[in-house]
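Examining the three-dimensional arrangement
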2 protein chains.
Amino acid sequence: MSEPDGRPVATTSPDEMSAFGSAPTPWSAASAGSTLFLLSKVGSRATKLYSEALEPLGLRPRHVAALRFLESRDGASQKDLVSGLWSDSSSVVSLVDEFERQGLAERRRNPRDRRSYGVHITAEGRRVLRSTEALAEEVESRVLARLSGAQRESLLRVLRSVIGTDPEV
Amino acid sequence: MSEPDGRPVATTSPDEMSAFGSAPTPWSAASAGSTLFLLSKVGSRATKLYSEALEPLGLRPRHVAALRFLESRDGASQKDLVSGLWSDSSSVVSLVDEFERQGLAERRRNPRDRRSYGVHITAEGRRVLRSTEALAEEVESRVLARLSGAQRESLLRVLRSVIGTDPEV
DNA sequence: TATTGTTATACTCTATAACTATA
DNA sequence: TATAGTTATAGAGTATAACAATA
């Protein structure tokens, strides 16, 4: 699959595949020296693309993060979700409301402290979570289109260090 | 400057300095495998902290990005700013409005195409831009507190590659 | 007709504060 | 008094669509 002159077709080149268009992006010259600026731009771009990819499932990125959290800590309280998702209590309430409406998770009273709920992911929740994984991979491959495998590993490792969860430490 | 037992004082340790609190963050286990999730979290955290740091100057991160852009491409049209900042036209209008109110930049009619303006940074705009630099460095050092110098360079290099402006390519 | 800029508007995300029910 | 959860509301940021002036 190539052009008449032998070049691979444009749509398979990293530049064409990238979520950041053809290089160089116009603003690069002014701000490519700022890690802060780049983190912010790349982060918001990734969020936006992932949001769009999740649209057919009726979910947004924070739903996926919450379902992942629940899968690893099933029965977590809403307070756990607040700290676990770096969110706030009112956002978590509406998040769990949506889960209950969609049948992806449910509240169960904690009999030992009736102020709190345990939030439990359902079988349907797990199934939906599995179906988001391919979408995440597809978006990630577009966002990181210009990176080699080694660079991708390096990025993941450094980001883990940034938040303090480097599994190698 | 150290504790009696020779350890450096706590406030200077990477964990205490980091904008991400003490490791491990609760949500790490569930999602630290996702570069997408980490990019989004780190990016939004960086933006938020930088916003707060800029508050005394009456600016927000996008103002700084725009001033940087204007410094490198003075007289750019608002359309240039739209593509240059990866923004949209209505946002750029209000951005330039604010610059004019604050005396940081000004519109000048383009005599060769009277539909468009050239946006010109003022001396005050340059002065303010200089004063944001120390703030950006301070925030960056908190966000990247856990990274070594080599890791910081690696992160910057990889982020440049992501957006396609790696100066070494 | 197409392009630059402007205005008005709406939508998402997040933050805050007041409230309830339990402890 | 303090805590878990809920509700209402407001703000920032962004996106969209209709419009005016100019090409």
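It should be noted that the structure appears before, not after, this text.
Bear in mind the structure is a predicted one, so any value in this text is a computation, not a measurement. (Residues numbered from 1 in each chain as written. Chains lettered and ligands numbered in written order. Predicted model: local features only at pLDDT ≥ 70, side-chain atom pairs only at ≥ 80, totals over all residues. Heavy atoms only, no water.)

1. Points about the relation of the copies chain B and chain A
What counts here: Here the copies are superposed with least squares, the fitted atoms being C-alpha atoms of residues at a pLDDT of at least 70 in both. Only heavy atoms enter the contact rule, under which two residues are in contact if any of them lie within 4.5 Å.
The two copies are related by a screw motion: chain B maps onto chain A through a turn of 180° and a shift of 0.0 Å along the axis, at an RMSD of 0.1 Å. The symmetry that links the two subunits is that of a two-fold axis. When C-alpha distances to the rotation axis are compared across chain B, the minimum falls at Gly43 of chain B, with a value of 2.4 Å. The fraction of interface residues of chain B whose copies in chain A are also interface residues reaches 100%, indicating that both copies meet through the same surface.

2. Describing the interface of chain B and chain A
Definition in use: Note on terms: buried area is the combined drop in 1.4 Å-probe accessible area of two parts once they are placed together, counting the loss on both. Pairing of N or O atoms within 3.5 Å defines a polar contact, subject to two protein rules: one partner must be a possible hydrogen donor and the other a possible acceptor, and residues neighboring in sequence count only if both atoms are side-chain atoms.
At the junction of the two partners, chain B supplies 55 residues and chain A supplies 55 residues. Counting the surface chain B buries against chain A, the share from its top three residues, Leu36, Trp86 and Ile163 of chain B, is 15%. Across the contact surface, chain B and chain A share 11 residue pairs in polar contact (both at pLDDT 80 or more).

3. Comments concerning the protein's contact with DNA strand D
Cut-off, in case you're wondering: Being near a molecule or strand, for a residue, comes down to having at least one heavy atom within 4 Å of it. Secondary structure elements follow DSSP: runs of H or I no shorter than four residues count as helices, runs of E no shorter than two count as strands, and numbering proceeds from the N terminus. Three classes are used, and their members are as follows: Ala, Val, Leu, Ile, Met, Phe, Trp, Tyr, Cys and Pro are nonpolar, Asp, Glu, Lys and Arg are charged, and the others, Gly among them, are polar.
Within the structure, DNA strand D sits among 18 residues, and Gln78 and Lys79 of chain A together with Arg60, Arg62 and Ser90 of chain B are positioned closest to it. When the atoms of DNA strand D within 4 Å of the protein are grouped by moiety, sugar and phosphate amount to 70% of the total. Here Gln78 of chain A contributes a side-chain N or O atom positioned 2.7 Å from a phosphate oxygen of DNA strand D. For DNA strand D, a base oxygen lies 2.8 Å from a polar atom in the side chain of Ser90 of chain B. Those elements that place two or more of their residues in the surface near DNA strand D are helix H5 (78-84) and helix H6 (89-102) of chain A. The element that contributes the greatest number of residues to the surface near DNA strand D is H6 of chain A, accounting for 3 residues. Considering only residue class, the surface near DNA strand D consists of 2 nonpolar, 6 polar and 10 charged.

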